[in-house]
2 protein chains.
Amino acid sequence: MKRKVTLKQIAKELDVSISTVSKSLKDSTEISEDTRLKVQAFAKLYNYKPNNIALSLKNKKTKTIGVIIPEIVHHFFATVISGIEHLANENGYNVMVCLSDESFDKEVINMEMLANGSIDGFILSLSKETQLKRDFHHITEIINQGMPVVMFDRVTNDILCDKVIIDDNLAAFNAVQTLIERGMKKIALITTVDYVSVGKLRTDGYIKALKTNDLKVNNELILKIEDIDNCENLIEDLIKNNKIDAVFAVNELFAVTAIKAASKHNIKVPEEMSVIGFTDGIISKYASPSITTVSQNGIKMGEKAAKMLIERLESDEWDDEQFKTEVIETHLVERESTK
Amino acid sequence: MKRKVTLKQIAKELDVSISTVSKSLKDSTEISEDTRLKVQAFAKLYNYKPNNIALSLKNKKTKTIGVIIPEIVHHFFATVISGIEHLANENGYNVMVCLSDESFDKEVINMEMLANGSIDGFILSLSKETQLKRDFHHITEIINQGMPVVMFDRVTNDILCDKVIIDDNLAAFNAVQTLIERGMKKIALITTVDYVSVGKLRTDGYIKALKTNDLKVNNELILKIEDIDNCENLIEDLIKNNKIDAVFAVNELFAVTAIKAASKHNIKVPEEMSVIGFTDGIISKYASPSITTVSQNGIKMGEKAAKMLIERLESDEWDDEQFKTEVIETHLVERESTK
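None of the values given here were measured: they were computed from a predicted structure.

## A look at the overall build of chain A
And then number 1: Assigned secondary structure in chain A consists of 14 helices and 12 strands.
And then number 2: For 339 residues, the compact-globule formula gives about 20 Å, and the C-alpha radius of gyration of chain A, at 22 Å, lands near that figure.
And then number 3: With the C-alpha coordinates of chain A rotated into their principal frame, the extents come out at 70 × 45 × 40 Å.
And then number 4: Considering chain A as a whole, with its 339 residues, one finds that 58% of them fall into the buried category.
And then number 5: A separation of at least 24 residues holds for 73% of the contacts in chain A among residues at least 6 apart in sequence.
And then number 6: A total of about 14,700 Å² of accessible surface is found on chain A, and carbon and sulfur atoms cover 47% of it.
And then number 7: Side-chain charges in chain A split into 43 positive and 51 negative, and the spacing between the mean points of these groups amounts to 2 Å.

The structure is reproduced here in structure tokens:
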């Protein structure tokens, strides 16, 4: 059987990155001529078939939406997919999901694969690595070829397309403001590293709330976590070494880990320390005490993204000037972890 | 633009079920001749393109695996997908995921869509509705056309193919046996309705453990839940109305709901009541008390399923007689909810 050669195989064979292969095949001048020619010759030799989106778009509609998310073991992304499914099915569309697993290369490979005749348009949220590299050529290329893309949650200003976001900065500001209004002053922040766009925005919202209330921003109370799988010791140190009034965490895993650390050191939640998390997932609901949290409304976000994409797909006009960014409302779900 | 007519549109137009359309197009004698001819004529008129898997298999390999799972907001299925992704990527394969959303029709539509040139083979777990209807023609058809299928977790004896399961009966038996050995006698079961294959097997394991130890099987202590979203009151009634020593729950949501109900009625876990759940997910890990649970090892299950499928895809022989059922080992993860 004849097997189609893939971007990945070409990259491996020539010992270059997938991004280099992808750009070389598009004749990008970012890549040296030598490398470009080598990649193109190799691709030709092994009969590499690039996307031909324009052709595929002309020939037929698949009535299928391709979704790319960074990870699946994450309740927020699962709820967004539920929302996409719901709206898509109502409108006669199917949904295919691929995972980038927070990897740039996997994001490029998955887009390449899906765009190759399987789907009519994309809904996607950027991988951490893509945000770190700031390399969006694979997405721009798809859009330039005429396939609509809607980005959600982790978006970038570097790409012109429809987007669905929440106001992460405002949501964080409001959560911290609530803690301050209830008399808490020494408020810690557990957040991600800055290149994760939503983490950075939530960090900014926290700082803004402190400053608005003339509270000092103490860097010792700001914990920026890179590796979510190894956050327990860092969070425990933060909580046991500082007599803090409250914790604001940018996801529910950080929030529940803070509660577990408090319990270990006999700090009572919410009597001695309040906790507000982000993302109204199953952990927040079933933790003891259950966790007060900013609801991101993943279902609504997914529905809105699907609606925007389907409207693009079914509209006869293609007006680049009218890309929209929809902002989904958030609200605080009050539970047992705040007083 | 010319749009491809879908199974769903034909079904809607002729006011018959998707299954009827699918079977009629395959000329199944299960469907009346009148209906068959009507469906076939309509499909021809609207230029319906059925799968031509044999042709697509002959022409090229996509190096892509299609996965169909019943739901995404479920930690177990998410871990299986992580396992599939890991093994598939290592072997140069990509993965596309579709959700049946526990619906038979969506399972049929998704298989139709994916089989149409997007993938080389399937990994799937049956929807609840498919198990209830016991209608597997869509899967048999795919296999008969020469596309390999590996089933996991929710499988059926009615289909001959490779399968990956755990020994649900034995795992449940061992969990309940552990409770009995620690002196508990009045042990309640929170399970699913019987048509969910794994629920039934776990129920059987519970009953076997009681009988092996000469304990009476009391139907008042067996709660079979159909609608997982509305289980709270039923579980609360079970726990407050019976002074029980222990609960064995067939998933982690039932287990944590039992713990919440006990807490509400001031029953101390594990001092007055022990709880063992099933599926080592994030709820079990982060609940307070954390929950002792049967680990299903979803990652390993996914890896094994992907390995079996890739071996089929890359083997030159096609030997129907050698379908295998692999049994993944389970073990009890001891946490705070048992004494």
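## What about the domain arrangement of chain A?
Residues and elements named next belong to chain A.
And then number 1: Domain parsing of chain A yields domain 1 (7-50), domain 2 (64-164 + 298-328) and domain 3 (168-296).
And then number 2: The straight-line distance from the C-alpha centre of domain 1 to that of domain 2 is 26 Å.
And then number 3: Domain 1 puts 10 residues into the contact, and the matching count from domain 2 is nine residues.
And then number 4: Inspection of the domain 1/domain 2 interface yields one salt bridge.
And then number 5: Here Lys23 ties to Asp135 by a salt bridge, and the two come within 3.2 Å at their closest N and O atoms.
And then number 6: Put simply, domain 1 and domain 2 have three residue pairs in polar contact (both at pLDDT 80 or more) between them.
And then number 7: At the level of secondary structure, the elements contributing two or more residues to the side of domain 1 that touches domain 2 comprise α1 (7-14) and α2 (18-25).
And then number 8: In the side of domain 1 that touches domain 2, the residues fall into four nonpolar, two polar and four charged.

## A look at the environment of Phe42 of chain A
All names here are of chain A.
And then number 1: Relative to the helices and strands, Phe42 is located in helix α3 (residues 33-45).
And then number 2: For Phe42 and Ile10, which are 32 residues apart along the polypeptide, the C-alpha to C-alpha distance reads 7.4 Å.
And then number 3: Each residue touching Phe42, except ones within four places of it in the same chain, is listed here: Ile10, Glu13 and Leu14.

## Quick word on the sheet that holds strand β9 (residues 274-278) of chain B
Residues and elements named next belong to chain B.
And then number 1: Spatially, β7-β6-β8-β9-β10-β12 is the arrangement adopted by the six strands of the open sheet, whose pairing is mixed. The sheet is open, and its two edges are formed by β7 (222-225) and β12 (331-333), each paired on a single side. For this sheet the average axis-to-axis angle between neighbouring strands, irrespective of direction, equals 20°.
And then number 2: With four bridges joining them, strand β6 (residues 187-192) and β7 adopt parallel strand pairing. Counterpart to Thr191 in the pairing with β7 is Lys224.
And then number 3: Packing against the sheet, helix α11 (residues 232-241) makes contact with β6, β7 and β8 (246-249), and its axis sits at approximately 180° to β7.

## Concerning the sheet that holds strand β8 (residues 246-249) of chain A
Residues and elements named next belong to chain A.
And then number 1: Strand order in the open sheet made by the six strands is β7-β6-β8-β9-β10-β12, with mixed pairing throughout. Taken across any chain shown, the strands that pair with only one partner, and hence form the sheet edges, are β7 (222-225) and β12 (331-333). Averaged over all pairs of adjacent strands, the angle between strand axes in this sheet comes to 20°, irrespective of strand direction.
And then number 2: Relative to strand β6 (residues 187-192), helix α10 (residues 197-212) is tilted by about 165°, and along the sheet it contacts β6, β7, β8 and β9 (274-278).
And then number 3: Across the face of the sheet, helix α11 (residues 232-241) comes into contact with β6, β7 and β8 while running at roughly 180° to β7.

## Points about unusual backbone geometry
And then number 1: For the peptide bond that leads from Val269 of chain A to Pro270 of chain A, omega is 10°, which places it in the cis range.
And then number 2: Assignment of secondary structure puts Pro270 of chain A in the loop between α12 (252-264) and β9.
And then number 3: Not every positive phi belongs to a glycine, and Asp15 of chain B is a case in point at roughly 55°.
And then number 4: Note that Asp15 of chain B resides in the loop between α1 (7-14) and α2 (18-25).
And then number 5: Residues other than glycine seldom take positive phi values, yet Lys63 of chain B does so here, at roughly 55°.
And then number 6: Within the secondary structure, Lys63 of chain B is located in the loop between α4 (53-59) and β1 (64-69).

## Considerations on the nonpolar core
And then number 1: Grouped together as the largest cluster of nonpolar side chains are 154 residues, with contacts concentrated most on Phe248 of chain A together with Phe248 of chain B.
And then number 2: Core analysis: the second largest hydrophobic core is formed by 43 residues, Leu124, Ile139, Met151 and Val155 of chain A among them.

## Focus: the relation of the copies chain B and chain A
And then number 1: Overlay of chain B on chain A (RMSD 0.1 Å): rotation 180°, translation along the axis 0.0 Å. When the rotation and shift are considered jointly, the pair of chain copies conforms to a two-fold rotation axis.
And then number 2: Comparing interface residues between copies, 98% of those in chain B also lie at the interface in chain A; the contact surface is shared.

## Describing the environment of Glu226 of chain B
Residues and elements named next belong to chain B.
And then number 1: You can see Glu226 is positioned in the loop between β7 and α11.
And then number 2: In sequence terms Glu226 and Asp194 are 32 residues apart; their C-alpha atoms lie 9.3 Å from each other.
And then number 3: Setting aside anything within four residues of it in sequence, one finds Glu226 in contact with Lys128, Val193 and Tyr195.
And then number 4: Within the structure, the side chain of Glu226 is placed 3.0 Å from the side chain of Tyr195, a separation counted as a polar contact.

## Focus on the packing of α1 of chain B against α2 of chain B
Residue and element names in this part refer to chain B.
And then number 1: Between α1 and α2, the shortest axis-to-axis distance is 8 Å and the interhelical angle comes to 110°. What the angle tells us is that α1 and α2 run roughly perpendicular. On α2, the residues touching Leu7, Lys8, Ile10 and Ala11 of α1 are Ile18, Val21, Ser22 and Leu25.
And then number 2: Of the residues belonging to the contact of α1 with α2, the class tally is six nonpolar, one polar and one charged.

## Quick notes on the pattern of salt bridges
And then number 1: All chains considered together, the criterion is met by 32 salt bridges over all chains.
And then number 2: Its salt-bridge partner being Lys240 of chain B, residue Asp237 of chain B comes within 3.5 Å of it at the nearest N-O pair. Linking Asp237 of chain B with Lys240 of chain B, this pair stays in helix α11, spanning three residues, or about one helical turn.
And then number 3: Its relative accessible area of 42% is what places Lys240 of chain B among the partly exposed residues.
And then number 4: Several salt bridges share partner residues, and in doing so they unite Lys23, Glu30 and Asp135 of chain A into one network.

## Examining the interface of chain B and chain A
And then number 1: Taken together, the contact pairs 48 residues of chain B with 47 residues of chain A.
And then number 2: On the surface where chain B and chain A come into contact, there are two salt bridges.
And then number 3: A salt bridge links Glu85 of chain B to Lys106 of chain A; the shortest N-O distance between them is 2.1 Å.
And then number 4: Looking at the side of chain B that touches chain A, the elements with two or more residues in it are α1, α4, α5 (75-90), β2 (94-99), α6 (104-115), α12 (252-264), α13 (282-286) and α14 (298-314) of chain B.
And then number 5: Take the side of chain B that touches chain A: its biggest share by element is seven residues, from α5 of chain B.
And then number 6: For the side of chain B that touches chain A, a count of residues per class yields 21 nonpolar, 13 polar and 14 charged.

Calculation notes
Residues numbered from 1 in each chain as written. Chains lettered and ligands numbered in written order. Predicted model: local features only at pLDDT ≥ 70, side-chain atom pairs only at ≥ 80, totals over all residues. Heavy atoms only, no water. Helix = DSSP H or I, 4+ residues; strand = E, 2+ residues; numbered from the N terminus. Rg over C-alpha atoms; globule rule 2.2 N^0.38 Å. Buried < 20%, exposed > 50% of the residue type's maximum accessible area, 1.4 Å probe, protein only. Contact = heavy atoms within 4.5 Å. Areas by Shrake-Rupley, 256 points an atom, 1.4 Å probe, with all protein chains shown as cover. Lys, Arg positive; Asp, Glu negative; His and termini not counted. Charge placed at Lys NZ, Arg CZ, Asp CG, Glu CD. Domains from an automatic or database assignment. Salt bridge = Lys/Arg side-chain N within 4 Å of Asp/Glu carboxyl O. Polar contact = N/O pair within 3.5 Å; in protein donor to acceptor, adjacent residues only side chain to side chain. Nonpolar A, V, L, I, M, F, W, Y, C, P; charged D, E, K, R; others polar. Pairing = 2+ DSSP bridges. Axes fitted to C-alpha atoms, helices over the stretch in contact; angles between N-to-C directions. Core = buried A, V, L, I, M, F, W, Y, C linked by side-chain atoms within 4.5 Å. Least-squares fit on C-alpha atoms with pLDDT ≥ 70 in both. Parallel < 35°, antiparallel > 145°, perpendicular 65-115°, else oblique.

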